[in-house]
Amino acid sequence: RNVQHALVPLLRQSVYSRLAGYEDTNDAERLAQDPAMRVIVGWRGPEKQAASTNTMSRFETDVLTQKKNLEGLFQLNALWVEKAMAHTPHRRLILDMDSSESPVYGEQEGAAYNGHFECVCYHPLFVFNQFGDCEGAKLRPGNVHSAHDWREVLDPIVARYEKAGVRRYFRADAAFAKPDVYEYLEERRLLYTIRLPSNEVLDREIGHLLKRPAELPVEGRPITWYDEFRYQAGSWDRPRRVVAKVEWHQGELFPRVGFIVTNMSASPEGVVEFYNGRGTAEQWIKEGKYALNWTRLSCHRFVANQVRLALFILAYNLGNFLRRLCLPKAVKSWSLRSLQVKFIKIGGRLVRHARRLIFQLAEVAVPQGVFRQVLERIAGLCRVPG
């Protein structure tokens, strides 16, 4: 009479429910009776069901908050990304580090007012690769600096790729323009582009570019100039290469100026173009926010919210693996939200036979041929050793 739930099915239920858009355990009571969720957690009989809200809450806040289990969640994510990268042809690895805000509305531990985001929040830190996989994440109090604990997050990721035999790159915004970051990356032979805050010395170096051009810029086609020079701040142990970009836009009195510190040997235009690719990481953070709602960190204890964020990261990566490794070309450009609504939360019915279960799915947003291609690609990945 007393149903016992194993740990692996509970973990599956936590991750898959978040991937489907159910961001906390409040929906577990209804999902416990869902035929698809029953199959996911391993129940085969019609009288059995998945875990209830109380069971899931205890699992996430009591079991997973134990130190070894929390570490195991992050190790599991690293293992997933490593296996996904093994199926991804690539000659270089690009790591994008960025922070974000997770607004809170209660008395959560570690929540604090952040002047930049102008709200009471947590201030998590994320690292993505160029394929959209979240390589690592850390939940932090709301009032810490954007680069706080950067090394704790980056260290295991860099160590994982030391022997991969690919060129490694790092991109970040001006919050990470710190001499210890440069030295760390240079010691480990990572090529980097990091935005540099403007100051009087930098402005003097490009003074010849700050004079208004004789030719007026055209709407949508700004006049763009590039420059490069060696620069050493007072806290740096050596001079480093700085690339400057100056844009004159129509109707604007002053130019838009940006500086990037780098150890790359590419042309100034190439350095700026490479750095601009960092914007994709911001889009992936937005996908996590709006598709999975991973800002839903409403537990009182800080460690419980760390667990919730780790579960969200697993769910996000699971969806991203499906998108980039298994989707055919016709739907390859789908966002995570489109994948969730049109593919994962599709309507259907479950037909039970003695030896098999048959899902009859509605062919509304996804044609039968697309389903077949996705399943064939998943089967192909499963057949590859490792």
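These figures come from a predicted structure and were not determined experimentally. (Residues numbered from 1 in each chain as written. Predicted model: local features only at pLDDT ≥ 70, side-chain atom pairs only at ≥ 80, totals over all residues. Heavy atoms only, no water.)

## A word on empty space enclosed by the protein
The rolling of a water-molecule-sized probe over the atoms marks out the regions of remaining empty space. If you walk through the whole model with that rule in mind, you get 1 cavity of 30 Å³ or more. There is about 70 Å³ of room inside the largest cavity. As for the largest cavity, its lining consists of Gln13, Ser14, Ser17, Arg18, Asp24, Thr25, Asp27, Ala28, Leu31, Met56 and Glu60. Every element with two or more residues in the lining of the largest cavity is listed here: α1 (7-19), α2 (28-31) and α4 (53-63). If one sorts the elements of the lining of the largest cavity by residue count, α1 sits on top with 4 residues. When grouped by side-chain class, the residues that make up the lining of the largest cavity number 3 nonpolar, 4 polar and 4 charged. (1 Å grid on protein atoms, 1.4 Å probe; cavity = no way out; pocket = protein on both sides within 12 Å on 5 of 7 lines; lining within 4 Å. Points joined across faces, edges and corners; volume = space filled by probe spheres on them. Helix = DSSP H or I, 4+ residues; strand = E, 2+ residues; numbered from the N terminus. Nonpolar A, V, L, I, M, F, W, Y, C, P; charged D, E, K, R; others polar.)

## Here's the deal with the layout of surface pockets
Each pocket or cavity is described by its volume, and for the second largest pocket that value is around 380 Å³. Around the second largest pocket sit 19 residues that line it, and Phe74, Ala137, Glu152, Val153 and Pro156 are the ones nearest its centre. In terms of residues, the lining of the second largest pocket owes the most to one element, helix α5 (residues 67-86), which gives 6 residues.

## Examining helix α7 (residues 179-187)
All buried positions along α7 are accounted for by Pro179, Val181, Tyr182, Tyr184 and Leu185. Tucked inside the fold, the buried residues of α7 contact α6 (150-160), β7 (167-172), β8 (191-196), β10 (240-248) and β11 (256-262). Arginine 189 occupies a position one or two residues after α7 and carries a positive phi of about 60°. (Buried < 20%, exposed > 50% of the residue type's maximum accessible area, 1.4 Å probe, protein only. Contact = heavy atoms within 4.5 Å.)

## Details of helix α12 (residues 336-344)
Along α12, the residues classified as buried are Leu336, Leu339, Gln340 and Phe343. One side of α12 carries all its buried residues, which in axial view fall inside an arc of 110°. Summarising the contacts, the buried residues of α12 are in contact with α1, α10 (279-290), α11 (302-326) and α13 (368-383). (Arc of directions from axis to C-beta.)

## Regarding the side chain of serine 102
Residue position: serine 102 is located in strand β2 (residues 102-103). Serine 102 sits in the buried class, given a relative accessible area of 2%. For serine 102, the residues in contact, after removing those within four places along its chain, are Cys121, Tyr122, Pro124, Trp294, Thr295 and Leu297.

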